[in-house]
Protein chains: 2
Amino acid sequence: MHDSPADIAFSMLVIFVSAKVLSEICERVRLPGVVGEILAGIVVGPYVLGWITPNPVTTVLSELGVMFLLFRVGLEVKSSELISLGGRAGFIAASGVVLPFASGWGIATLWGLSSVESIFIGAALVATSVGITAQVLAAGGWLDTRASKIILAAAVIDDVLGLLVLAAVSGLARGRVNYLDLALTAGLAIGFVVFVATFGTRAMGRLIPGVRSRMKLAESEFALALILLFALSLLAAQAGVAAIVGAFLAGMALSETVERRVHVLTEGVTALLTPFFLVGIGLHFDPAPFRDSSTLILAGVLCVAAVLSKFVGCGGAALQLGRRDAMRIAVGMIPRGEVGVVVAQVGLSGGMLTAGIYGTIVFISLVTTVLAPPLLRIAFRGRANA
Amino acid sequence: MHDSPADIAFSMLVIFVSAKVLSEICERVRLPGVVGEILAGIVVGPYVLGWITPNPVTTVLSELGVMFLLFRVGLEVKSSELISLGGRAGFIAASGVVLPFASGWGIATLWGLSSVESIFIGAALVATSVGITAQVLAAGGWLDTRASKIILAAAVIDDVLGLLVLAAVSGLARGRVNYLDLALTAGLAIGFVVFVATFGTRAMGRLIPGVRSRMKLAESEFALALILLFALSLLAAQAGVAAIVGAFLAGMALSETVERRVHVLTEGVTALLTPFFLVGIGLHFDPAPFRDSSTLILAGVLCVAAVLSKFVGCGGAALQLGRRDAMRIAVGMIPRGEVGVVVAQVGLSGGMLTAGIYGTIVFISLVTTVLAPPLLRIAFRGRANA
């Protein structure tokens, strides 16, 4: 039982206070607050203080938190701009899939892991967690830059590619890959994203003014925005991509039409819920790699590979845009966050990964996620080029 | 499993869309939107369409919804004004406890129910759900009136009295009442409420300006407000009163200090979460009374008694304030809402109530809750005196 009012208030209090205290401390030593909120999850989580274990309350609020985070970021982005960057972003995303997969798979194979485990490690290194990057970009006020828009577009494309890798990997692990299924999955996912990105803005441009003038409900425009958010998140999940891709597309479809008040009300919701997403990542910290020195070395090597492969893959592909933007994009694609954890969970629940490898993947996700925000801040503040 | 992103998005979508559609329909036929949102819960709930059954997602969001609703109402109320009305509100609340208890108990006893069941029915009629009334008052912009402030003060006192009735009733049902425990419970609950109401505003008046100037966090004032909300909700639950009483006191403690932005951000959260509270009440609709004509008659009689006893009890005690305010206050205390359901659940889980009596109490809660908003609207618009 985690759902009495007192239990809920307790979880909310512990998570919120720890997130804000560690965030404040991080800001004071010039680290992004995001890092503090993730660390807060480790501190109050099962392996350190043990005050909070992941439970339905934390899961629901953390899922909602990342949905609203991406929705809010979408509200700041115009679809026309993103579409015009689509081709280049696609190239960057693809390059950021191939290199991480190859290096993760290669290192694991050389290390002597089974081929299924190696493939899962490769797949886990592919996933990009756009939530963390989006939060840092939004908090810094950098969503308006070209680099930010390419990161967001590439992250959406990366999610579709990651879905295909995961589908293929799950098939391989079961012994055979159904290429027709794979093609259908790809077609559905790509079709959904392209359709909403292309026609969403226009549809909302027609719908919203009518709603504004005709509905008798209080806050009817915000209500409509929320309905679009939930509907596209659900459709995205049904189409096989992450629910947060739908949330992002919902925000983007509304970005040119809704009034300022919808933005502010959304900020209220994200201010409440985002800490639950960030703390939730930390709550999944698993000290498995620390129990065994050889696993720890493997985890360390893979962390370096995870950072370098995305950095070189995405940065190299973006080099045409100039060194500064290439650097920003390269860094923005590093965090694996909750997406890496999801890949690991698929493998664990399918009996294809040992607890040690599961813990290793979670560890890599966490390290890359904590590393990215300070690097992003440096890249966007331009100190790296000073 | 109700916590995959797709499941969460599905629950959010169904609940939100049904709430807003029925709310819009109600507004168009001049009923308050609140009624539509409660009806939406019945419609999508287990006994009609069966799309949503109460689950951890709906429970968590509904608990948070009513917490934020009361917090938001508290933000509009000055503690000094409420305290000055305390004596009169106490008299009204006490009178609104005695008459409903006596009539519920009396009718049930005459009907031939056991003494434990009769006492539980009496206790269920005592509970006032301030959430519904607060939402109608806030939506109508009537929080500023004297009648609204007396209703809120009386509802807080009523909650303390209701706690004592429930504690005594549970004791009686177990065969004996521990008067020392009862006195301690009363002392703790009263002490908590009086202490926070008296010193909260002053404490926040000193704390907030310091936070505003010293913290490096984004939205630090909103973060502090949320922390106070969760902390006082938890303390209230620990002190034995409802968590929402703590939420209300937290809002009130901040009402004279926080900047406008905290109000707006809170409105964003309540716009998202309040429908989950209202739909959640409807989800608990239980058609038990309809299965058996004699239970249905009893339920009908008790509904009439529930409305009349609060109306006469509170209205009579408020008559000194003039007929218009007495009417407003009398109507504002009618809804039993989720509080009646809680009493019924205590009885059911303790094996002291049959499913039929449980269903009857839930039914009364629902009827009084749906009835109150239109009556409130009439009382506050002054049509009743036209």
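Residues numbered from 1 in each chain as written. Chains lettered and ligands numbered in written order. Predicted model: local features only at pLDDT ≥ 70, side-chain atom pairs only at ≥ 80, totals over all residues.

**So, the overall build of chain A**
The helix and strand inventory of chain A stands at 16 helices and zero strands. A globule of 386 residues ought to have a C-alpha radius of gyration of about 21 Å, and chain A, at 20 Å, matches this closely. In terms of principal-axis extent, the alpha carbons of chain A reach across some 65 × 50 × 50 Å. Within chain A, buried positions represent 61% of all 386 residues. Put simply, 79% of the contacts in chain A that link residues at least 6 apart link residues at least 24 apart. (Helix = DSSP H or I, 4+ residues; strand = E, 2+ residues; numbered from the N terminus. Rg over C-alpha atoms; globule rule 2.2 N^0.38 Å. Buried ≥ 20, exposed ≤ 12 C-beta atoms within 10 Å, placed from the backbone. Contact = placed C-beta atoms within 7 Å.)

**Digging into the relation of the copies chain B and chain A**
Both copies of the chain are related through a single rotation about an axis accompanied by a shift along the same axis. Overlaying chain B with chain A gives an RMSD of 0.0 Å, the required rotation being 180° about an axis along which the chain moves by 0.0 Å. Between the two chains, the operation in question is that of a two-fold axis. Interface overlap between copies is the fraction of interface residues in one copy that are interface residues in the other; for chain B against chain A it reaches 100%, indicating a shared surface. (Least-squares fit on C-alpha atoms with pLDDT ≥ 70 in both.)

**With respect to the confidence of the model for chain A**
Residue and element names in this part refer to chain A. Here chain A averages 86 in pLDDT, and 96% of its residues register 70 or above. For chain A, the element scoring lowest by mean pLDDT is helix 15 (residues 337–349), at 76; helix 12 (residues 260–283) scores highest, at 92. With a pTM of 0.86, the predicted complex shows an ipTM of 0.84. (pLDDT = per-residue confidence, 0-100.)

**A closer look at the interface of chain B and chain A**
Counting from both sides, the interface comprises 47 residues of chain B and, opposite them, 47 residues of chain A. Listed by contribution, the elements that provide at least two residues to the side of chain B that touches chain A are helix 1 (5–28), helix 3 (56–75), helix 10 (220–239) and helix 12 (260–283) of chain B. Of the residues forming the side of chain B that touches chain A, the biggest block, 14 residues, is contributed by helix 1 of chain B.

**A word on helix 6 (residues 115–126) of chain B**
Residue and element names in this part refer to chain B. Under the 1.5 Å per step criterion, the end-to-end length of helix 6 is 17 Å for 12 residues, consistent within 8% with the ideal 16 Å. Counted residue by residue, helix 6 has 10 buried out of 12 residues, so it is predominantly covered. Those residues of helix 6 that sit buried are Glu-117, Ser-118, Ile-119, Phe-120, Ile-121, Gly-122, Ala-123, Ala-124, Leu-125 and Val-126. (Expected span 1.5 Å × (residues − 1).)

**Thoughts on the nonpolar core**
In terms of nonpolar packing, the biggest core is built from 312 residues, with A:Leu70 and B:Leu70 touching the most fellow members. Non-local contacts of A:Leu70, meaning those with residues more than four positions away in its chain, are made with A:Val130, A:Gly131, A:Ala134, A:Ile244, A:Ala247, A:Phe248 and A:Gly251. (Core = buried A, V, L, I, M, F, W, Y, C linked by C-beta atoms within 7 Å.)

**Considering the packing of helix 9 (residues 179–214) of chain B against helix 10 of chain B**
All names here are of chain B. Relative orientation of the contacting elements helix 9 and helix 10 amounts to 165°, with a least axis distance of 12 Å. Taken as axis vectors, helix 9 and helix 10 run roughly antiparallel relative to one another. Crossing angle aside, the handedness with which helix 9 passes helix 10 is right-handed. Residue-level inspection shows Leu-188, Ala-189, Phe-192, Val-196, Ile-208, Val-211 and Arg-212 of helix 9 in contact with helix 10, the latter providing Ser-220, Glu-221, Leu-224, Leu-232, Leu-235, Ala-236 and Ala-239. Here the contact of helix 9 with helix 10 is built from residues that sort into 11 nonpolar, one polar and two charged. (Axes fitted to C-alpha atoms, helices over the stretch in contact; angles between N-to-C directions. Parallel < 35°, antiparallel > 145°, perpendicular 65-115°, else oblique. Left-handed = near helix turned anticlockwise from the far one by under 90°. Nonpolar A, V, L, I, M, F, W, Y, C, P; charged D, E, K, R; others polar.)

**Things to note about the environment of B:Ala236**
All names here are of chain B. Position of Ala-236 among the secondary structure elements: in helix 10. Here the alpha-carbon distance between Ala-236 and Pro-46, two residues 190 residues apart in the chain, equals 32 Å. Residues within four places of Ala-236 in sequence aside, it is in contact with Phe-192, Val-241, Ala-242, Ala-243, Val-245 and Gly-246.

**Comments concerning the packing of helix 3 (residues 56–75) of chain A against helix 7 (residues 130–140) of chain A**
When two helices pack together, their arrangement is given by the angle between the helix axes and by the axis-to-axis distance. Residue and element names in this part refer to chain A. Running from N to C, helix 3 and helix 7 cross one another at 50°; their axes reach a closest spacing of 10 Å. By the angle class used here, helix 3 and helix 7 are oblique. Remark: the crossing between helix 3 and helix 7 carries left-handed chirality. Along the contact surface, helix 3 presents Val-66, Leu-69, Leu-70, Arg-72 and Val-73, while helix 7 presents Val-130, Gly-131, Ala-134, Gln-135 and Ala-138. Considering only residue class, the contact of helix 3 with helix 7 consists of seven nonpolar, two polar and one charged.

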